[in-house]
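Each chain is listed here by its residues.
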Amino acid sequence: MEINPKTYEAYKLFHEGILAFCRAEQQGFRINLHYCEVTKNHLTRKIERKERKLKESKFYLRWKQVLGSVNINSNPALSIYLYKILKIKPAHTTPTGKGSTNNEALSALNIPELNILLDIRKLKKLRDTYLDAFIREQVKGYIHPSFNLNFAVTFRSSSANPNFQNIPKRDKESMRMVRKALYPRPGHQLMEVDYSGIEVRVAAAYHKDPVMLSYIKDPTSDMHGDMAKQIFMIDDWDRNRPDHKCLRSATKNGFVFPQFYGSYYKNNAMVLAGEWGGLADGKWEKGQGCPLGDGTLSDHLISKGISSMNKFIDHIKIIENDFWNNRFKVYQQWKKRHWKGYQKKGYVDSLTGFRCSGVMGRNEVINYPVQGAAFHCLLWSFIELDRVIHEELIDTRIIGQIHDAIIFDVNPVELEYISKVIKRVTCKDLPKAFKWINVPVDVDAELAGIDESWSDIRDYDMVKNKFKVS
DNA sequence: GGAACTCGCCAC
DNA sequence: AAACGTGGCGAGTTCC
């Protein structure tokens, strides 16, 4: 018989985790029902206007003429019309080999009517997946998302009814529209506390790479900056310069993190090139990309001898090789050992006592134990904070969790106290409980004002007890 | 009429 | 040698 939690600690973590989640579920997250309904109707009218505009276009009339009837929500039908009937070459294909109709593929075609369709899609997503779900799921003005510990193969959590873990954040317009529906209890304020770089820190406990350890331990060092400097061949690197900041962020999201998840140089090069727009029909052109110094990024790269996409790919290949064989050599050796170990045993164990077994690929074998244990850091803190809140009979409540973040509905009177407790539990008590943690862990906090919505949270210093000024 | 599938898209 | 990890959900479609 296979028991997945291999240790009593692992079993206990999930058992107590479920009970702590249960209390958060029961508490729920307050919504502004009136706002949801008004915004939903507003979106519906906006969608209808755009649909009318689309239906008057030549593009649509031709589509209808050829196929008899048209459902603009049908991606299979759109794919057939665009790529089979109009014989347009798809910008890229789906995993099953058909012409893709996703945002990237349709945007690339530069057809105004398709841009209207993309607008409609986006608005429908906001209306149907979020606002409408809040209205449907709410009970007496509170939604009660479920937090599950029994679905994810990595022993992470999942959330449903509604899913609390995929509420828009990056797109500011969508973020505001949806998060403006979510409120604390009257007279309270929302606080979100997240572990910074927890997966990278947990990975370090597995591989113990000295270079990575010093990157994490030395607050003056900057891994993403160092990589950006190397990738874009910048001599006078200055992490405070806006153009260099832009390159740092592109490197972090287009090279470093994808590499940790198991991506490789060709994909990285395409993403990096796509991000700054140097890639136009495979041509490498001057004057492309974000501004850099006197010119643009593509001017700079061309001046450094990277004069084509192929040269850029070769360049990233060299960087990747250096990344794993020189910079993070010990990390690389661990990945190799770890993968061999799985091939021999047929399973991998996490530092938190969970066993992943079954058929897995190399990337899965490497990622699962890191992803799981990183979440377990959050889970342990969640349980402990829930215990303190429950035992001390204070009024602040935990109302949700997003993999590496906890959301609180705080009584303003308790703000200073709970901040202190959160800081202690997450940063001091956790490493005492999980002895395998070999680097400091840290949290960032965001807070909204009293009676403000989730869209209003701002960076907050839990030690000085004041908002950070940006 | 529902199960199972594909596709697209939101989060970490 | 191979090549981005984990989820949920809405809509459309196909199959039984």
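Per chain, residue numbering runs from 1 following the sequence as it is written. Following the order in which they are written, the chains are lettered starting with A and the ligands numbered starting with 1. In keeping with the model being predicted, local features are shown solely for residues with a pLDDT of at least 70 and side-chain atom pairs are shown and tallied solely at 80 or more, while totals for entire chains, interfaces and linings include all residues. Just so you know, side-chain values use all the structure's heavy atoms and leave hydrogens and water out.

Asker: Looking at this structure, I do not really get the protein's contact with DNA strand B. What am I missing?
Answerer: Working definition: residue near molecule or strand if any one of its non-hydrogen atoms lies within 4 Å of it. Taken together, 21 residues surround DNA strand B, and among them Thr96, Thr101, Lys125, Asn166 and Lys169 come closest. When the atoms of DNA strand B within 4 Å of the protein are grouped by moiety, sugar and phosphate amount to 86% of the total. The backbone of Gln165 places a nitrogen or oxygen atom 3.5 Å from a sugar or linking oxygen of DNA strand B. Here a polar contact means two N or O atoms within 3.5 Å. Within protein one must be a hydrogen donor candidate and the other an acceptor candidate, and residues neighboring in sequence count only if both atoms are side-chain atoms. Within the side chain of Asn166, one N or O atom sits 2.8 Å away from a base oxygen of DNA strand B. A total of three residues in the surface near DNA strand B trace back to one element, the largest contributor, which is helix α6 (residues 112-137). Secondary structure elements are defined from DSSP: runs of H or I of at least 4 residues count as helices, runs of E of at least 2 residues count as strands, and each element is numbered from the N terminus.

Asker: Where do I start with the packing of helix α2 (residues 33-56) against helix α3 (residues 58-67) in this structure?
Answerer: When two helices pack together, their arrangement is given by the angle between the helix axes and by the axis-to-axis distance. The N-to-C vectors of α2 and α3 enclose an angle of 70°; their axes lie 4 Å apart at closest approach. Compared by their axis directions, α2 and α3 come out roughly perpendicular. For the pair α2 and α3, the contacting residues are Leu54, Lys55 and Glu56 in the first and Lys58, Tyr60 and Leu61 in the second. When residues are sorted by character, Ala, Val, Leu, Ile, Met, Phe, Trp, Tyr, Cys and Pro go into the nonpolar class, Asp, Glu, Lys and Arg into the charged class, and all the rest, Gly among them, into the polar class. Here the contact of α2 with α3 is composed, by residue class, of three nonpolar, no polar and three charged. Interaxial angle, 0 to 180 degrees, is taken between N-to-C directions of lines fitted to C-alpha atoms, where a helix line uses only the stretch in contact. Roughly parallel means an angle under 35 degrees; roughly antiparallel means over 145; roughly perpendicular covers 65 to 115; every other angle is labelled oblique. Two residues qualify as a contact provided that any one of their heavy atoms is within 4.5 Å of a heavy atom in the partner residue.

Asker: Would you explain the protein's contact with DNA strand C in this entry?
Answerer: As a structural note, the neighbourhood of DNA strand C is formed by 29 residues, with Ser74, Val153, Asn161, Asn367 and Tyr368 the closest of them. For DNA strand C, the fraction of protein-proximal atoms (within 4 Å) that sit in sugar or phosphate groups is 69%. Here Ser74 contributes a side-chain N or O atom positioned 2.8 Å from a phosphate oxygen of DNA strand C. Residue Asn161 places a main-chain N or O atom 2.8 Å away from a phosphate oxygen belonging to DNA strand C. Ranked by residues supplied to the surface near DNA strand C, first place goes to helix α16 (residues 362-391) with five residues. Along the lines of polarity and charge, the residues of the surface near DNA strand C split into nine nonpolar, 15 polar and five charged.

Asker: Is there a simple way to explain helix α15 (residues 329-345) in this structure?
Answerer: Quick reminder: α-helices carry 3.6 residues per turn. Residues three or four places apart thus point the same way. An expected span of 1.5 Å times one less than the residue number is assigned to each helix. In this model, α15 (17 residues) spans 24 Å end to end at C-alpha, consistent with the 24 Å of a helix rising 1.5 Å per residue. The buried label applies to any residue whose accessible area, calculated with a 1.4 Å probe on protein chains only, is under 20% of its type's maximum; exposed applies above 50%, and partly exposed to all values in between. Three or more residues of α15 are buried, namely Tyr331, Trp334, Lys335, His338, Trp339, Gly341 and Tyr342. On an axial view of α15, the arc spanned by its buried residues comes to 155°, and they lie on one face. What points out from α15, more than 90 degrees from its buried face, is the exposed set Lys336, Arg337, Lys340 and Lys344. For α15, the secondary structure elements touched by its buried residues are α8 (198-207), α9 (210-217), α11 (242-261), α14 (309-327), β11 (347-349) and α16. Arc, as used here, means the arc of the directions from the helix axis to the C-beta atoms.

Asker: Looking at this structure, I do not really get the environment of Arg458. What am I missing?
Answerer: With respect to the helices and strands, Arg458 occurs in strand β16 (residues 458-461). The spatial distance from the C-alpha of Arg458 to the C-alpha of Val469 is 9.3 Å, given a sequence separation of eleven residues. Setting aside residues up to four positions removed in sequence, Arg458 forms contacts with Ala445, Glu446, Leu447, Gly449, Glu452 and Phe467. Within the local environment of Arg458, its side chain forms a polar contact with the side chain of Glu452, the two groups lying 3.2 Å apart. Within the structure, Arg458 has its side chain in polar contact with the backbone oxygen of Asp456 (distance 3.1 Å).

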